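As a plain string of letters, each chain reads:
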Amino acid sequence: MMGEKAFFINEKLCIACGSCRTACKLWNNLPKEAEPDQPHKFTVSLWSRVNYFEEGSAYHEKCRHCYDAKCVASCPENALFYQDGFVVINKDKCIACGKCETVCPFACVKVGNLPGESKKTAHKCHACVIEADSKPHCVLNCPTGALIFGNRRRIISKALKLRSEYSSKGEEYVIEGISGDFQMGAITLKKKRDEKKLSLSSSAGNEKFIYSLVLRSVPVLRPVRRHIYDFISKMLS
């Protein structure tokens, strides 16, 4: 089900500050203590995350809110449904069968208990459409504009224009969520890469990303950035 609005995630502007994750947790009363050691994985209490890469970039990641969502189609109780074009969960109907978690191609849906809850249910980003009537809180708290929420057609136009602009500068970007079988309510403009090889999955990896980000932001270090980064990588590996 296609909605009129969508998220736009722009890797080029992400500084990996984590404001999106913090805002999501605070607004949804999600416990910090339940956060995993590896923050690249979604859990019942982590619905918004930052995806880090070794070359020194990152982007926000959440439920894609697919317009032909497998989680919605697989739910035997119709507990997952569309509201305003976004996939949300009726926890009263959820029987915690786990089918949604199994079929989600992005591992965004997780079944379990939050602290204080006796009933197991599915958990994921709901785009704040239930509690809020303005912009989602991850968007409101992004300091760089890497996260935008607005008219879907305008967002697609913006994504295509930016991809062309980046390409003219020799930077190859791809757009996820606007064509093919995976039309989504969360559209991502990201670098073209083999993400399975480059995505970091350890605390040491996150440290290397932070070092890389710092070096990138200090002009005097740019000429020797590669040497310093290689040295740090060996220390942390």
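Residues numbered from 1 in each chain as written. Predicted model: local features only at pLDDT ≥ 70, side-chain atom pairs only at ≥ 80, totals over all residues. Heavy atoms only, no water.

Colleague: Looking at this structure, how should I read the packing of aromatic side chains?
Modeller: The way to describe two aromatic rings as a pair is by their centre distance and the angle between their planes. Scanning the entire structure with this criterion turns up four aromatic pairs. Aromatic side chains Tyr-166 and Tyr-173 sit 4.8 Å apart centroid to centroid with 50 degrees between the ring planes, which places their arrangement in the tilted category. Take Tyr-166 and Tyr-173: they sit in the same class, and that class is buried. Taken together, the ring pairs in this structure connect Phe-7, Phe-86 and Phe-149 into an aromatic cluster. Above the ring of Tyr-166, the side-chain terminus of Lys-12 is found at 5.1 Å from the ring centroid. (Phe/Tyr/Trp six-rings, centres within 6.5 Å; stacked < 30°, edge-to-face > 60°. Buried < 20%, exposed > 50% of the residue type's maximum accessible area, 1.4 Å probe, protein only. Lys NZ or Arg CZ within 6 Å of the ring centre and 35° of its normal.)

Colleague: Just to check I follow, could you spell out the pattern of salt bridges for this structure?
Modeller: Opposite charge on two side chains makes pairing possible when the charged atoms of those side chains draw close. Summed over the entire model, instances satisfying the criterion amount to eight salt bridges. Close ionic contact of Lys-12 with Glu-171 constitutes a salt bridge, the shortest N to O distance being 2.6 Å. Taken as a pair, Lys-12 in the loop between strand S1 (5-10) and helix H1 (19-27) and Glu-171 in the loop between helix H5 (152-168) and strand S9 (173-176) lie far apart in primary sequence, 159 residues in all. One salt bridge in this structure joins Glu-176 and Arg-64, with 2.9 Å as the shortest N-O distance. Placement of Glu-176 in strand S9 and of Arg-64 in the loop between strand S3 (57-61) and helix H2 (70-74) is noted, with a sequence separation of 112 residues between them. Note on accessibility: Glu-176 and Arg-64 belong to one class, buried. When salt bridges that share partners are traced, they join Arg-49, Glu-61, Arg-64, Glu-176 and Lys-190 into one network. (Salt bridge = Lys/Arg side-chain N within 4 Å of Asp/Glu carboxyl O. Helix = DSSP H or I, 4+ residues; strand = E, 2+ residues; numbered from the N terminus.)

Colleague: Just checking my understanding: could you explain the environment of Gly-85 for this structure?
Modeller: Note that Gly-85 resides in the loop between strand S4 (80-83) and strand S5 (86-89). It is 7.3 Å that separates the C-alpha atoms of Gly-85 and Gly-185, two residues lying 100 residues apart in sequence.

Colleague: Just to check I follow, could you spell out the environment of Lys-191 for this structure?
Modeller: With respect to the element layout, Lys-191 can be found in strand S10 (residues 186-191). Sequence separation of Lys-191 and Val-174 is 17 residues, and the distance between their C-alpha atoms is 6.1 Å.

Colleague: I keep staring at the nonpolar core and nothing clicks. Help me out?
Modeller: A general trend in soluble globular proteins is that nonpolar side chains are found buried together. Of all hydrophobic cores here, the largest spans 24 residues; its most connected members are Ala-69, Cys-71, Val-72, Leu-80, Val-87, Cys-100 and Ala-122. Those elements that provide at least two residues to this core are H2 and S5. Residue contacts for Leu-80: discarding those within four places in its chain leaves Cys-71, Val-72, Cys-75, Val-87, Val-88, Ile-89, Cys-100 and Lys-124. Cys-20, Ala-58, Val-139 and Phe-149 belong to the second-largest nonpolar core, a separate cluster that totals 20 residues. (Core = buried A, V, L, I, M, F, W, Y, C linked by side-chain atoms within 4.5 Å. Contact = heavy atoms within 4.5 Å.)

Colleague: What is the right way to look at H1 in this model?
Modeller: Along an α-helix, a turn takes 3.6 residues, which lines up residues three or four apart on a common side. Those residues of H1 that sit buried are Cys-20, Arg-21, Ala-23, Cys-24 and Lys-25. Looking at the residues trailing H1, positive phi occurs at Asn-29, about 55 degrees.

Colleague: Help me understand the environment of Ser-19 in this model?
Modeller: Examined against the element boundaries, Ser-19 turns out to sit in helix H1. On the accessibility criterion, Ser-19 (24% relative accessible area) is partly exposed. As for Ser-19 and Leu-140, which are separated by 121 residues in sequence, their C-alpha atoms are 9.5 Å apart. With sequence-adjacent residues up to four places away left out, Ser-19 is seen in contact with Asn-141 and Pro-143.

Colleague: It is not clear to me how H5 should be interpreted in this structure. Could you clarify?
Modeller: For H5, built from 17 residues, the straight-helix expectation of 24 Å at 1.5 Å per residue is met to within 8% by its first-to-last C-alpha distance of 24 Å. Listing the buried residues of H5 in full gives Arg-152, Ile-155, Ile-156, Ala-159, Leu-162 and Tyr-166. For H5, the angular spread of buried residues about the axis comes to 130 degrees, placing them on one side. For H5, the exposed residues set more than 90 degrees away from the buried face come down to Arg-153, Arg-154, Lys-161 and Ser-168. The inward-facing, buried residues of H5 abut S1, strand S8 (147-151), S9 and S10. The distance from a side-chain oxygen at the start of H5 to the backbone nitrogen of Arg-153 is 3.0 Å, and the residue carrying that oxygen is Asn-151. Count one or two residues on from H5 and you reach Gly-170, which has phi positive near 85 degrees. (Expected span 1.5 Å × (residues − 1). Arc of directions from axis to C-beta. Polar contact = N/O pair within 3.5 Å; in protein donor to acceptor, adjacent residues only side chain to side chain.)

Structural measurements only, silent on function.
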